[in-house]
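Analysis of the macromolecular model
Next come the chains, spelled out residue by residue.
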Amino acid sequence: GGRAGRAEVTRGGQPGRLRAVVADLEGGDALGALVRDAEAHPMTRFEAMGWQVFLRHRGGLPDKGPGVGDIFQFWDDPEPPAEIIAGQKAWQSLGQPVAWYSEDAAAEYVAQHFGADAAAQLRGLWHPALKSDLFRLYRLVQDGGLYADADSLPGPGAADFAAHAGAGAWASSMTHVPKCVAINGFLSGPAGAPVFVGFLDHVLHNLADPLAPGIFWLSGPGAFTRYLWEADADITLLPRGVQKEALFSQFDAPYKHTAQNWRVFEHGRGMGKADGLDALLRDVT
């Protein structure tokens, strides 16, 4: 009763969600029922979705298997700032091949493998973060590899992970209480991994919506969480703490305080969570 009892002293919709997490650790669909409960608060439903996705796919670090092929990163400007270059050099120090893509290089790659229309769509997107979200999926589908956000540093277990993680698809989940969401800033998988083929299709479908609700929900963690919730996907999700300590951590680059950060960009346009939540939950049944 200890874990379940602690749920009673939390606020808002947290008691029901935490009780559902505890119940589903033993098997069941309490989280799914909460996600589908139209009377629950939309954020409670989304956080239940994130926890259900994590419990369904959670796993540990690989200790055997083939390597990932290479590590790749994206930065729209071909001349990134010094702190981004330092991060790139840190990934190169692992001894794995590292591929670096500017927007021009990414568009050329997409045109070569997916056609001129796909490349034109990539170039025409309204923010670098959205371009990065989409390009990493094209690259994973075509050639596989390990994607890491450019504003990141490898952890002490990154080289071992890259040496053994090539057989399956990998990501992580933020596992804070109450929040839980699948993260797309560190993705790994072989070429053509069905989970990334499916997520690419999901993102392209989202981008066709003329009432686009925001990058987090279109192509980022919100979209990734929703896709994994509804898909029969083969992927291992590491707890965020394990990923941060062993594999990958982000640093506070100066650009994050400008409109080059998607959060700052959207805040400046008065965009909030409500529209994105409504769109994400619109057809949940």
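See the structure above.
Summarised in this report is the structure supplied together with it. (Residues numbered from 1 in each chain as written. Predicted model: local features only at pLDDT ≥ 70, side-chain atom pairs only at ≥ 80, totals over all residues. Heavy atoms only, no water.)

On to the overall build of the protein, then. Along the protein, the regular secondary structure elements total 15 helices and eight strands. In terms of overall dimensions, the protein is globule-like: its C-alpha atoms have a radius of gyration of 19 Å, near the 19 Å expected for 285 residues. C-alpha extents for the protein along the principal axes are approximately 50 × 45 × 35 Å. Split into buried and exposed, the 285 residues of the protein put 53% on the buried side. Restricting to contacts in the protein with at least 6 residues of sequence separation, those with at least 24 account for 75%. Total accessible area computed for the protein in this model is approximately 12,800 Å², and 52% of it derives from carbon and sulfur atoms. Looking at charge distribution, the protein has the averaged site of its 24 positive side-chain charges lying 7 Å from that of its 33 negative ones. (Helix = DSSP H or I, 4+ residues; strand = E, 2+ residues; numbered from the N terminus. Rg over C-alpha atoms; globule rule 2.2 N^0.38 Å. Buried < 20%, exposed > 50% of the residue type's maximum accessible area, 1.4 Å probe, protein only. Contact = heavy atoms within 4.5 Å. Areas by Shrake-Rupley, 256 points an atom, 1.4 Å probe, with all protein chains shown as cover. Lys, Arg positive; Asp, Glu negative; His and termini not counted. Charge placed at Lys NZ, Arg CZ, Asp CG, Glu CD.)

For the rest of this paragraph, the subject is the pattern of salt bridges. Taken as a whole and judged by the stated rule, the model has ten salt bridges. Ionic pairing is found between Lys-131 and Glu-103, a salt bridge with its closest N-O pair at 3.0 Å. Placement of Lys-131 in helix H8 (residues 128–143) and of Glu-103 in helix H6 (residues 103–114) is noted, with a sequence separation of 28 residues between them. Given the relative accessible area of 10%, Lys-131 is considered buried. We classify Glu-103 as buried; its relative accessible area is 15%. Ionic contacts of the salt-bridge type, sharing partners, join the residues Glu-103, Asp-104, Arg-123 and Lys-131 into one network. (Salt bridge = Lys/Arg side-chain N within 4 Å of Asp/Glu carboxyl O.)

By the alternation rule, side chains of strand S3 (residues 145–148) split into Gly-145 and Tyr-147 and Leu-146 and Ala-148, which are all buried. Relative to S3, strand S1 (residues 71–74) runs parallel, the two sharing two bridges. Along S3, the bridge assignment pairs Ile-71 with Leu-146. Here S3 pairs with strand S6 (residues 180–189) via four bridges, running antiparallel. Directly across from Tyr-147, in S6, lies its bridge partner Leu-187. (Pairing = 2+ DSSP bridges.)

In summary, soluble globular proteins display a tendency toward joint burial of nonpolar side chains. Phe-46, Phe-135, Val-195, Phe-196, Leu-228 and Ile-235 are the most contacted members of the largest nonpolar core, which has 66 residues in total. Not counting residues within four places of it along the chain, the set of residues in contact with Phe-135 comprises Phe-72, Phe-74, Tyr-101, Ala-106, Tyr-109, Val-110 and Leu-122. Judged by nonpolar contacts, the second largest core, of 15 residues, contains Val-68, Ala-158, Ala-246 and Leu-247. (Core = buried A, V, L, I, M, F, W, Y, C linked by side-chain atoms within 4.5 Å.)

A pair of packed helices can be characterised by two numbers: the angle between their axes and the separation between those axes. Between helix H4 (residues 42–57) and helix H12 (residues 221–230), the shortest axis-to-axis distance is 9 Å and the interhelical angle comes to 60°. As the angle between them shows, H4 and H12 are arranged oblique. In the crossing of H4 with H12, the sense of the turn from one axis to the other is left-handed. Counted together, Phe-46, Met-49, Gly-50, Gln-52, Val-53, Arg-56 and His-57 of H4 and Gly-222, Thr-225, Arg-226, Leu-228 and Trp-229 of H12 form the full contact between these two elements. The class makeup of the residues in the contact of H4 with H12 is five nonpolar, five polar and two charged. (Axes fitted to C-alpha atoms, helices over the stretch in contact; angles between N-to-C directions. Parallel < 35°, antiparallel > 145°, perpendicular 65-115°, else oblique. Left-handed = near helix turned anticlockwise from the far one by under 90°. Nonpolar A, V, L, I, M, F, W, Y, C, P; charged D, E, K, R; others polar.)

Here we take up H12. In terms of burial, H12 is largely enclosed, as nine of its ten residues are buried. Of the positions making up H12, those classed as buried are Pro-221, Gly-222, Ala-223, Phe-224, Thr-225, Arg-226, Tyr-227, Leu-228 and Trp-229.

Applying the stated rule across the entire model yields 18 aromatic pairs. Considering the side-chain rings of Phe-46 and Phe-216, the 6.3 Å spacing of their centres and the 70° angle between planes classify their relative orientation as edge-to-face. Of this pair, Phe-46 sits in helix H4 while Phe-216 sits in helix H11 (residues 215–218), and the two are 170 residues apart along the sequence. As far as burial versus exposure is concerned, Phe-46 and Phe-216 are alike and both buried. Residues Phe-72 and Tyr-147 carry aromatic rings whose centres are separated by 5.5 Å and whose planes lie at 55° to one another, so their mutual orientation is tilted. Remark: Tyr-147 occurs in strand S3 and Phe-72 occurs in strand S1; sequence separation between them is 75 residues. In this structure Tyr-147 comes out as buried when scored by relative accessible area, which is 1%. Linked through ring pairs, Phe-72, Phe-74, Tyr-101, Tyr-109, Phe-135 and Tyr-147 together constitute an aromatic cluster. Looking at Arg-139, its charged tip hangs above the ring of Phe-72, at a distance of 4.5 Å from the centre. (Phe/Tyr/Trp six-rings, centres within 6.5 Å; stacked < 30°, edge-to-face > 60°. Lys NZ or Arg CZ within 6 Å of the ring centre and 35° of its normal.)

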